Amino acid sequence: MDIRSRNNVNVIGRDDAPVLLMAHGFGCDQNMWRLVVPVLAERYRVVLFDYVGSGGSDLAAWNEERYSSLQGYAADVVDVCRELDLRQAVFVGHSVSAMVGVLAAQAAPERIGALVMVTPSPCYIDDEGYRGGFSTEDIEELLGSLEANYLGWSSAMAPVIMGNPDRPELGRELTNSFCATDPDIARVFARTTFLTDSREDLKGVSVPTLVLECEQDAIAPREVGAYVHKSIPASRLVTLAATGHCPQLSAPEATSQAMVDFLESLT
């Protein structure tokens, strides 16, 4: 199988520089990184890709069994790493992809040498002593609405996820990204995203890790960022002066600068 075509892999930036492997979140594709990539590509080799079922990936390669768990998405990451022979790459994961990066680093530790988690959440559902931001009923209602009317759900939820109501063009962009995803694939990815509990996986992270959170985020409240940071001893927590769940779009300068500062600290 041609992994580069399957996952719509694109490589830009400096050939002789450390590698950043950029992974998008639910309902998105690699285009979500476009505002931070120019800054990063000046200093690093940037690898962009789409998970199977998203963006410009080969939809024929998608199957529900594989992508009903985060392990399936982690397998995509490892496949891309092996195809490009990446070693000690810095994995940059947005939202659910932050936890995909944790799993990929466990599966192929020689391939991933550091993690950048952009608005991560290991568990979206509240638990005793843990605030994920949603009750079980909230999540079931969210998923039920998505499955009943995906386009309507996208139009209603994307602006909430994006935040920044004074910049409606950002919400429209995320809405369009959601709506470009096949509803059947989105249904599976959504259940995988919102019902997975990856808190135990955080304990196995030993590589340098940057946790990026926003001051206000309806999907991953700041208690989650604090939890992730506390769970990973080798982590740095940075709170961006930004709102919403997608700071790479709403605050690209601050997001890219936080990444660069962290990456420079590794050398």
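Residues numbered from 1 in each chain as written. Predicted model: local features only at pLDDT ≥ 70, side-chain atom pairs only at ≥ 80, totals over all residues. Heavy atoms only, no water.

A. Summary view of the overall build of the protein chain. When its secondary structure is counted, the protein chain shows 12 helices and 7 strands. Taking 2.2 N^0.38 as the reference for a compact globule, 267 residues should give roughly 18 Å; the C-alpha atoms of the protein chain span a radius of gyration of 17 Å, in line with that estimate. For the protein chain, the spread of C-alpha atoms along the principal axes amounts to about 50 × 40 × 35 Å. Here the protein chain holds 267 residues, and the buried ones make up 57% of them. For the protein chain, the proportion of contacts with a sequence separation of at least 24, taken over those separated by at least 6, is 77%. As displayed, the protein chain has an accessible area near 10,900 Å², and 48% of this comes from carbon and sulfur atoms. (Helix = DSSP H or I, 4+ residues; strand = E, 2+ residues; numbered from the N terminus. Rg over C-alpha atoms; globule rule 2.2 N^0.38 Å. Buried < 20%, exposed > 50% of the residue type's maximum accessible area, 1.4 Å probe, protein only. Contact = heavy atoms within 4.5 Å. Areas by Shrake-Rupley, 256 points an atom, 1.4 Å probe, with all protein chains shown as cover.)

B. Inspection of the environment of A23 at higher detail. Secondary-structure assignment places A23 in strand β2 (residues 19-23). Measuring from C-alpha to C-alpha, the distance between A23 and V77 comes to 8.4 Å, with 54 residues separating the pair along the chain. Excluding its chain neighbours within four sequence positions, the residues that come into contact with A23 are W33, F49, Y51, F91, V92, G93, H94 and S97.

C. Spotlight on the sheet that holds strand β5 (residues 112-118). Taken together, 7 strands build an open sheet; the order of strands is β1-β3-β2-β4-β5-β6-β7 and the sheet is mixed. The strands lining the two open edges of the sheet, one partner per strand, are β1 (10-13) and β7 (235-243). Strand-to-strand twist across the sheet, computed as the mean angle between neighbouring axes with direction ignored, equals 20 degrees. Alignment of β2 against strand β3 (residues 45-48), held across 4 bridges, turns out to be parallel. Along β3, the bridge assignment pairs L20 with V46. Lying on the sheet, helix α3 (residues 70-84) is in contact with β1, β2, β3, β4 (89-94) and β5; it crosses β2 at an angle near 150 degrees. (Pairing = 2+ DSSP bridges. Axes fitted to C-alpha atoms, helices over the stretch in contact; angles between N-to-C directions.)

D. Region of interest: the pairing of β5. Extensive coverage of β5 is indicated by the burial of 7 of its 7 residues. Sheet topology note: the β4/β5 ladder contains 6 bridges and is parallel. Each bridged residue has a counterpart across the sheet, and for G93 the counterpart in β5 is M117. Since β4 and β5 lie parallel, the crossover through helix α4 (residues 96-107) that links them has a hand, and here it is right-handed. (Right-handed = clockwise from strand over helix to strand, strands pointing away.)

E. Seen up close, unusual backbone geometry. With a phi close to 50 degrees, D85 is a non-glycine residue in the positive phi region. Structurally, D85 can be placed in the loop between α3 and β4. Taking the relative accessible area as the measure of exposure, D85 reaches 46% and is therefore partly exposed. Here T119, not a glycine, exhibits a phi torsion of approximately 45 degrees, which is positive. Its location among the elements puts T119 in the loop between β5 and α5 (136-148).

F. Up close: the environment of S68. When you line up the elements, S68 lands in the loop between β3 and α3. Expressed as a C-alpha distance, the spacing of S68 and T193, which sit 125 residues apart in the sequence, is 9.2 Å. Once residues within four sequence positions are removed from consideration, S68 is found in contact with V188 and T192. A distance of 2.5 Å separates a polar atom in the side chain of S68 from the backbone oxygen of E64. (Polar contact = N/O pair within 3.5 Å; in protein donor to acceptor, adjacent residues only side chain to side chain.)

G. Region of the structure containing the environment of T267. Its place among the elements puts T267 in the segment after α12 (252-265). Among the residues examined, T267 registers a relative accessible area of 84% and is labelled exposed. Once the C-alpha coordinates of T267 and P18 are considered, the two residues, 249 residues apart in sequence, prove to be 10.0 Å apart.

H. The pairing of β3, seen in detail. In the sheet, β1 pairs with β3 via 4 bridges, with the strands oriented antiparallel. Opposite I12, over in β3, you have V46 as the bridge partner.

I. Layout of empty space enclosed by the protein. Per the stated rule, a full pass over the model turns up 3 cavities of 30 Å³ or more. Looking at the largest cavity, its volume works out to about 130 Å³. As for the largest cavity, its lining consists of 14 residues, of which F26, S95, I161, F178 and H245 are closest to the centre. Looking at the lining of the largest cavity, the elements that each hand over two or more residues are α7 (168-179) and α8 (183-195). (1 Å grid on protein atoms, 1.4 Å probe; cavity = no way out; pocket = protein on both sides within 12 Å on 5 of 7 lines; lining within 4 Å. Points joined across faces, edges and corners; volume = space filled by probe spheres on them.)

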